[in-house]
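Summary of structural features
The chain contents come next:
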Amino acid sequence: MKKFKTTDEIKIPDKLIDQVIGQEKAVNIIKKAAKQHRNVLLIGEPGTGKTMLAQAMAELLPATDLEDVLVYKNPNDENRPLIKVVKTYPVPPEPGKPLGDGQGRQILQKERMKERLDSRSEGNSRVTGIVLVLVIILFALSLSGFFSGYEIIVLAALILGILVFGSVALFVSGLTKRVGMLPGAFDSNEPKLIVDNTGMTHAPFVDATGAKAGALFGDVKHDPLQSGGLGTPAHLRVESGAIHRANKGVLFIDEIASLDPRSQQELLTAMQEKKYPITGQSELSSGAMVRTEPVPSDFLLIAAGNIMDIQKMHPALRSRIRGYGYEVFMESSMPDTKENEEKIIRFIAQEVKKDGKIPPFDYDACMEIIEEARRRSGRKKRLTLILRDLGGLVRAAGDIAIERGAKVVTKNDVIAAKKLARPIEAQFVDQALEYRKDYKVFNTRGFAIGKVNGLAVIGSSYLSAGIIVPIVAEVTPSSSRSEGKLIATGKLGKIAQEAVKNISAVIKKHLDVDFASYDIHVQFLQTYEGVEGDSASISVAVSVISALQGIPVDQSVAMTGSLSVRGDVLPVGGVTSKIEAAIDAGMKSVIIPKSNLYDIYIDKDRLKKIKIIPVSNIGEVLQYALKKSARRDTIIRELKHYISTQSKERNPVSKESKGSKE
């Protein structure tokens, strides 16, 4: 990678589709969908670029087919307004020249001018005619000789008053028509432009995320003055919806499952018919009586959500997308290569340009952002693609640089931003840790029977915070003569409860204890935030074995890891955050799955404060967690023998196969 001074030297692609980072599969599908006019369903974690891909698709679509929509009064039925669709630009504008008003706007202006001239001339002619007749009559009477003296003066004043009244009447008539006063007082035939694409250089992009039914499908405003001739004509109360404004473009709906089933069904209808009439969405509104002719809704749907949203989607809607488009699962990380590191640097340059308020980043600052991208990936040799939150770190570092009056963001600014832009979960953990320390909820030294310092994370997988979870086990006589029970408490999720049950298989297999004679109670202390997942499996197993055998547990050791029914320690998530929590708590060592050893991204100086112990089976966990004793050594020996035997059974190598290999 060439070393650069600042990100100002980094070239940013002009097209939005080329600015998408690490989603090559999704980019290729979006290009194909734009060319072939297909719908797309994007599923993945927030912040991976779903909205950006939808915007990029609109940029790829041609702008030559744009249409404007006008709604006209229906002379035969006021509640059935007429729809007129026209090309925005019938003749494609020349490149480089400014775009003028679209055809829809031109038609509206002409109709509006004609309407005003006709109504004004009609009103003016009536008032002028009446005033003229009265003045002629009064003038003729003044010349007839019937009036004399003061009567002539009164007659002249009367003529002058009529002229003044006529002038005022003409002025008020023009004013009310010009500013729209008393709309129902006039039988207006003026159309309303409900879809206007004037000035659009690419296909429309409409983000309808979280839109209510009226905003999505269009609506007709309620008019409480509809009776008595004072109400607004029905066609002037029609409002277009997102599906109509997205005609010939892209309709983007994030969190697609948040739409109620009825709205999803209506959306499917609009996609199939490519047109959808507008009616009032509230049954109690006067707009519910109005229903327009079908309005064009020929859009491409880009629906987005997470993996859980698929279950809540209307089956027919998903079938429509899958049958006439593509489904894409977004990448949450990418390989840690020099090429992808350069993409992260380009992302930083793009964020600086997009924000427009922060200075450029120097080389070392970019390297620190890349290091954070490694840490947030949670996997070895990977870089995170949850770029929205990484962009938050970029802006926080830029704000710090501005605060100190610097023209370039440095590595120290990024390090300071990590502390400033900590997630709520991390701030909560800080307070919880101080509380648990003050009240001795867990210990960091000495030995205790049945008590283990487990590790967990709160928050999302890519932006989590580690926390110490003390686990205590106690053995009591069985409440049932037929069997013993393993009872766990502490707001456990379904997966965590099942993981606790699986531990009983290991205990029954290896401990010389009549399990049916005991009930084993396992408590997760003060887990108000809840426990989900199986990463506390080895912690529970150690606490139960310690309680059953009376062997103390080293309280300076924290641990995390999933446990199989055969005693293997399996990998877990959030290892970096968990180790950081153990360091902050003052632990001396931490036990983690061996397969997670290369998933740790912690500063070397900080990592020196704790000893990392990678393990692959429960025997190794007990070796480091339990206090030395003859009984401990016996259990470990039995466990290792069992695990070794099972390993040979799973991977048999006969003499014949060895000979054939030789």
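Just so it is clear, the model here is predicted, and its values are computed rather than measured. (Residues numbered from 1 in each chain as written. Predicted model: local features only at pLDDT ≥ 70, side-chain atom pairs only at ≥ 80, totals over all residues. Heavy atoms only, no water.)

Reading across the sheet, the five strands line up as β5-β8-β11-β1-β12 and stay open at both edges, with parallel pairing between neighbours. Sheet topology places β5 (205-207) and β12 (325-329) at the edges, where each strand pairs with a single neighbour. Averaged over all adjacent pairs, the angle separating strand axes in this sheet is 15 degrees, with direction ignored. Pairing between strand β8 (residues 250-253) and strand β11 (residues 300-305): four bridges, direction parallel. Its bridge partner lying in β11, Ile253 is registered against Ala303. (Pairing = 2+ DSSP bridges. Helix = DSSP H or I, 4+ residues; strand = E, 2+ residues; numbered from the N terminus. Axes fitted to C-alpha atoms, helices over the stretch in contact; angles between N-to-C directions.)

With respect to the helices and strands, the residue Thr576 is situated in helix α16 (residues 575-585). Given the relative accessible area of 5%, Thr576 is considered buried. Within polar-contact distance, the side chain of Thr576 engages the backbone nitrogen of Tyr601 at 3.2 Å. If we ignore the near neighbours within four places in the chain, the residues touching Thr576 are Arg375, Asp599, Ile600, Tyr601 and Ile602. (Buried < 20%, exposed > 50% of the residue type's maximum accessible area, 1.4 Å probe, protein only. Polar contact = N/O pair within 3.5 Å; in protein donor to acceptor, adjacent residues only side chain to side chain. Contact = heavy atoms within 4.5 Å.)

Membership of the largest hydrophobic core comes to 44 residues, with the highest contact counts inside it found for Val542, Met559, Ile591, Val621 and Leu622. At eight residues, helix α15 (residues 537-549) tops the list of elements feeding residues into this core. Among residues more than four places away in sequence, those in contact with Val621 are Ile538, Val542, Met559, Val569, Ile591 and Val615. Listed in part, the 30 residues of the second largest apolar core include Phe347, Phe361, Leu387 and Ala401. (Core = buried A, V, L, I, M, F, W, Y, C linked by side-chain atoms within 4.5 Å.)

With respect to the helices and strands, Ala456 occurs in strand β16 (residues 451-459). By relative accessible area, which is 16% here, Ala456 ends up buried. Taking the C-alpha atoms as reference points, Ala456 and Asp534, 78 residues apart in sequence, are found 9.8 Å from one another. Sequence-distant contacts of Ala456, that is, excluding residues within four places in its chain, are made with Ala465, Gly466, Ile467, Val469 and Lys578.

Moving on: the sheet that holds strand β2 (residues 67-72). Strand order across the open sheet formed by three strands is β3-β2-β4, with antiparallel pairing between neighbours. Looking at which strands have only one partner, the edges of the open sheet turn out to be β3 (82-87) and β4 (192-195). Pairwise comparison of adjacent strand axes, ignoring direction, gives a mean angle of 30 degrees for this sheet. Inspection of the sheet shows β2 paired to β3 by six bridges, in the antiparallel sense.

Here we take up the packing of aromatic side chains. Within this structure, the stated rule accounts for three aromatic pairs. Aromatic pair Phe205 and Phe252: ring centres 6.1 Å apart, planes at 25 degrees, arrangement stacked. A residue pair is termed long-range when its members are at least 10 positions apart, and Phe205 in strand β5 and Phe252 in strand β8 qualify at 47 residues. A relative accessible area of 0% places Phe252 in the buried class. For the pair Phe217 and Tyr276, a centre-to-centre distance of 5.6 Å together with 40 degrees between the ring planes defines the contact as tilted. With Phe217 in helix α5 (residues 213-217) and Tyr276 in strand β9 (residues 275-276), this residue pair connects regions lying 59 residues apart in the sequence. One exposure class covers both Phe217 and Tyr276, and it is buried. Directly above the ring of Tyr324 sits Arg320, whose terminal nitrogen or CZ lies 4.2 Å from the centroid. Residue placement shows Lys627 over the ring face of Phe447; its charged tip is 5.2 Å from the ring centre. (Phe/Tyr/Trp six-rings, centres within 6.5 Å; stacked < 30°, edge-to-face > 60°. Lys NZ or Arg CZ within 6 Å of the ring centre and 35° of its normal.)

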